[in-house]
Amino acid sequence: MKKFFAKLQYNAPVVLTMTLISAIALILNYLTGGWTNRAFFAVYRSGWLNPMTYIRMFTYVLGHANYSHYFGNYMMILLVGPMLEEKYGSKSLLKMIAVTALVTALIQIIFFPSYMLLGASGVVFMMILLSSFSNLQKGRIPITLILVAIIYLSGEVIDSIAHPNDGISQMAHIIGGLCGTAFGWVITKPKASTESAPAA
């Protein structure tokens with residue numbers, strides 16, 4: 001048994017830690033009848049002088065309404081996240097998750113003040129779009145990248161129009177996808193050469 005546990009590897013610290021904390025948050029949500037989600041793991045307009053407003057802009061991605069919500073998000077995060085963490089590094093992935101959470105939270109608070117947002121679906125869409133850049137080569141755009149962007153983002157736009165009150169925040173999905181696309185372009189774009197030109 002000791003040999004088995006010795007072989008286990010915490011191979012993706014950011015992804016695994018996020019998964020674990022979200023699982024704990026979900027259990028607490030059940031035990032407290034939803035109080036912990038409202039207090040710590042959901043973002044909504046609660047006043048700019050309230051310190052928790054700023055904390056919840058990041059922690060809401062750790063909260064989920066129920067196990068189905070959690071399962072759907074983390075099955076995808078556990079599939080895609082470790083590859084991204086290995087490719088870009090734990091610190092970079094954590095920064096991208098934090099930026100995606102912050103941008104989405106600000107838009108939610110400013111434009112949808114009467115709604116509460118929670119869950120990692122925006123992060124999921126960020127990872128999906130970011131992962132599609134893995135085969136990007138200098139001067140070429142893979143067709144898979146275009147298809148992923150069209151299928152996911154257009155689908156969310158259509159759903160937001162057809163089912164505006166279905167309880168799912170397509171806005172978070174769209175913002176997450178746009179963040180993943182932006183990160184992908186910034187990270188994979190060719191860097192200008194720093195070598196000085198030879199003297200004439």
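Look a little higher up for the structure.
Remember, it's a predicted structure, so these values are computed and weren't measured experimentally.

Asker: Go over the side chain of Thr36, please, and point to the residues and values.
Answerer: With respect to the helices and strands, the residue Thr36 is situated in helix H3 (residues 35-40). On the basis of relative accessible area, Thr36 is assigned to the buried category, the value being 7%.

Asker: Just give me the short version of the nonpolar core, but keep the residues and values in it.
Answerer: Ranked by internal contacts, the top residues of the largest apolar core, which has 38 residues, are Met18, Ile77, Leu93, Ile97, Val123, Met126 and Met127. Contributions of two or more residues to this core are made by helix H2 (13-31), helix H5 (67-88), helix H6 (90-111), helix H7 (121-131) and helix H9 (170-188). For this core, the leading source of residues is H7, giving seven residues. The residues touching Met126, leaving out its near neighbours within four places in the chain, are Met96, Ile97, Thr100, Gly176, Gly177, Cys179, Gly180 and Phe183.

Asker: Break down empty space enclosed by the protein for me, citing the residues and quoting the values.
Answerer: Gaps between atoms show up when a probe of the same size as a water molecule is rolled over them. Using the criterion set out here, one finds one cavity of 30 Å³ or more in the structure. Taken as a whole, the largest cavity encloses approximately 60 Å³ of empty space. For the largest cavity, the lining is made up of 13 residues, of which Tyr60, Val61, Gly119, Gly122 and Val123 are closest to its centre. Classifying every residue of the lining of the largest cavity by side-chain character gives eight nonpolar, five polar and no charged.

Asker: Talk me through the packing of aromatic side chains; I want residue IDs and the actual numbers.
Answerer: Summed over the entire model, instances satisfying the criterion amount to six aromatic pairs. Here the aromatic rings of Tyr67 and Tyr70 are separated by 6.3 Å at their centres, their planes lie at 35°, and the arrangement is tilted. With Tyr67 and Tyr70 both in helix H5 and three residues apart, the pair spans about one turn of that helix. Taking relative accessible area as the criterion, Tyr67 reaches 49% and is therefore assigned partly exposed. Grouping aromatic residues by their ring pairs yields a cluster made of Tyr67, Tyr70, Phe71 and Tyr74.

Asker: A description of the environment of Ala42 should follow, citing residues and the corresponding values.
Answerer: Summarising the element assignment, Ala42 is placed in the loop between H3 and helix H4 (51-59). Look past the residues within four positions of Ala42 in its chain and what remains in contact with it is Asn37, Arg56, Tyr60, Met116, Leu117 and Leu118.

Asker: Explain the packing of H6 against H9 to me, using residue names and the numbers behind them.
Answerer: Two elements in contact, H6 and H9, have axes separated by 10 Å at closest approach and are oriented at 140°. One finds that H6 runs oblique with respect to H9. Like other packed secondary-structure pairs, H6 and H9 cross with a definite hand, here right-handed. Between H6, through Met96, Val99, Thr100, Val103, Thr104, Ile107 and Gln108, and H9, the contact on the second element is made entirely by Met171, Ala172, Ile175, Gly176, Cys179, Phe183 and Ile187.

Asker: Could you give an account of the layout of surface pockets, with specific residues and numbers?
Answerer: Here the second largest pocket is characterised by a volume of approximately 210 Å³. If you go around the second largest pocket, you meet 13 residues; those closest to its centre are Met18, Val61, Leu62, Leu94 and Ile97. Breaking the lining of the second largest pocket down by element, the ones donating at least two residues are H2, H4 and H6. Among the elements that make up the lining of the second largest pocket, the one with the highest residue count is H2 (five residues). A breakdown of the residues in the lining of the second largest pocket according to their chemical character gives eleven nonpolar, two polar and no charged.

Asker: Lay out H6 with the relevant residues and their values.
Answerer: Every α-helix carries 3.6 residues per turn, so stepping three or four residues along brings you back to the same face. The end-to-end C-alpha distance of H6 is 32 Å, a good match for the 32 Å that 22 residues give at a rise of 1.5 Å each. Within H6, burial applies to Leu93, Met96, Ile97, Thr100, Ala101, Thr104, Ala105, Gln108 and Ile109. Against the buried residues of H6 lie H2, H4, H5, H7 and H9.

Asker: Can you tell me about the environment of Tyr67, naming the residues and giving the values?
Answerer: Separated by 40 residues in sequence, Tyr67 and Ile27 place their C-alpha atoms 9.2 Å apart. Other than its neighbours up to four places away in sequence, Tyr67 contacts Leu26 and Tyr30.

What counts, and where the lines are drawn
Residues numbered from 1 in each chain as written. Predicted model: local features only at pLDDT ≥ 70, side-chain atom pairs only at ≥ 80, totals over all residues. Heavy atoms only, no water. Helix = DSSP H or I, 4+ residues; strand = E, 2+ residues; numbered from the N terminus. Buried < 20%, exposed > 50% of the residue type's maximum accessible area, 1.4 Å probe, protein only. Core = buried A, V, L, I, M, F, W, Y, C linked by side-chain atoms within 4.5 Å. Contact = heavy atoms within 4.5 Å. 1 Å grid on protein atoms, 1.4 Å probe; cavity = no way out; pocket = protein on both sides within 12 Å on 5 of 7 lines; lining within 4 Å. Points joined across faces, edges and corners; volume = space filled by probe spheres on them. Nonpolar A, V, L, I, M, F, W, Y, C, P; charged D, E, K, R; others polar. Phe/Tyr/Trp six-rings, centres within 6.5 Å; stacked < 30°, edge-to-face > 60°. Axes fitted to C-alpha atoms, helices over the stretch in contact; angles between N-to-C directions. Parallel < 35°, antiparallel > 145°, perpendicular 65-115°, else oblique. Left-handed = near helix turned anticlockwise from the far one by under 90°. Expected span 1.5 Å × (residues − 1).

The values are spatial; any link to function lies outside them.
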